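Geometric and topological summary
As a plain string of letters, each chain reads:
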Amino acid sequence: MLTNPRLCGYRTYRGEILLDDAGQPVIGEWETINSVEEWEAVCAVVAERKQKDPGRLLARKYLLSGIARCGLCHTKIRGQANRKWQSGSKAAKFTYQCSVVNGGCGKVGRVGEAVDEVIISLVLAEQRERAAVSAVAPAEQWPKAAELAAVEADLAELTQAAKAQKITVSTLLLLLPDLERRRDELKLERGRFNKERHQAESLSADIGEDFRSLPIERQQALILHSLSAVLIHPAGRGGASSTPA
């Protein structure tokens, strides 16, 4: 349903987009839900997910679960609740613990709240800096727009030539597949480009909100957009809470 071309106004027949004599999509007379750019971005997301492992991540309870790694053995670290914690207590509500059960060394455990605060401050600082740069930078355009336009023009020209009997149908059928394949590849690339641009704009917009009020999935997306890794080392004398890399 999300990839149905009708959502952006394209007419279809048996699942295929109808094209006019010029090789352009036929537009229907109904109110669209998405722009063509948004629809292509959604199609790119769906296509990428089909290529990945079908297993989905479980819902996260702690900010860095599945993101942070042990600074000694590099195994992923998960948050663990402190069962002895009570409201009003000064004890840690939860910790990030390297677990032997999950294949780790079991030698690293840090207070969860303190680590979260360090990472949040780093992410917000990086995102504000990025937003300041993007605010003055011109909007980036998809670099292969001219190539796609040329391919679509070639397809339209071939179709018109066949209708005018300037080339045979057999010649048309011989030339069409490669051009159509390239057109579809370029449109998928454009969709991925638009998807990444929309995601970047959306992430920047979230910085204006209170980070802690966002859903944890959104918070984790911001972290992964800013930091390539978060390594949590054992506590030492004067040691930092965590070392993001």
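Points about the sheet that holds strand β5 (residues 94–97)
Spatial strand order, β4-β5-β6: 3 strands in an open sheet with antiparallel pairing. In the strand order of this sheet, the two ends are held by β4 (78–81) and β6 (109–111), each with one partner. Going from strand to strand, the sheet's axes swing by 35° on average, the running direction of each strand aside. Of the pairings in the sheet, the one linking β5 to β6 comprises 3 bridges and is antiparallel in character. Along β6, the bridge assignment pairs Thr-95 with Val-111.

Here's the deal with the side chain of Glu-40
By the element assignment, Glu-40 lies in helix α1 (residues 36–51). Each residue touching Glu-40, except ones within four places of it in the same chain, is listed here: Lys-187, Arg-190, Gly-191 and Asn-194.

A few points about the pattern of salt bridges
Counted under the stated rule, the structure contains 8 salt bridges. The salt bridge partner of Arg-190 is Glu-40, with a shortest N-O separation of 2.3 Å. With Arg-190 in helix α4 (residues 169–206) and Glu-40 in helix α1, the pair connects residues that are 150 residues apart, well separated along the chain. Two residues, Asp-178 and Arg-181, come together in a salt bridge whose shortest N-O distance is 2.7 Å. Residue Asp-178 and its partner Arg-181 are located together in helix α4, separated by 3 residues, close to a single helical turn. Using a relative accessible area of 52% as the deciding quantity, one classes Asp-178 as exposed. Residue Arg-181 is classed as partly exposed on the basis of its relative accessible area of 45%. Connected through salt bridges with shared partners, the residues Lys-144, Glu-147, Arg-182, Glu-185 and Glu-189 form a single ionic network.

Quick word on the pairing of β5
Every regular strand shows the same layout, with side chains that alternate between the two sheet faces. Of the two faces of β5, the one lined by Phe-94 and Tyr-96 is fully buried and the one lined by Thr-95 and Gln-97 carries no buried residue. The pairing of β4 with β5 spans 4 bridges and is classified as antiparallel. Bridged to Arg-78 within β5 is Gln-97.

Considering helix α3 (residues 145–163)
Compared with an ideal rise of 1.5 Å per residue, which puts 19 residues at 27 Å, α3 spans 27 Å between its outermost C-alpha atoms and is within 8% of the ideal. Listed in full, the buried residues belonging to α3 are Leu-148, Val-151, Glu-152, Leu-155, Ala-156, Leu-158, Ala-161 and Ala-162. Immediately downstream of α3, the backbone of Gln-165 shows phi near 60°, a positive value.

Thresholds applied
- Residues numbered from 1 in each chain as written.
- Predicted model: local features only at pLDDT ≥ 70, side-chain atom pairs only at ≥ 80, totals over all residues.
- Heavy atoms only, no water.
- Pairing = 2+ DSSP bridges.
- Helix = DSSP H or I, 4+ residues; strand = E, 2+ residues; numbered from the N terminus.
- Axes fitted to C-alpha atoms, helices over the stretch in contact; angles between N-to-C directions.
- Contact = heavy atoms within 4.5 Å.
- Salt bridge = Lys/Arg side-chain N within 4 Å of Asp/Glu carboxyl O.
- Buried < 20%, exposed > 50% of the residue type's maximum accessible area, 1.4 Å probe, protein only.
- Expected span 1.5 Å × (residues − 1).

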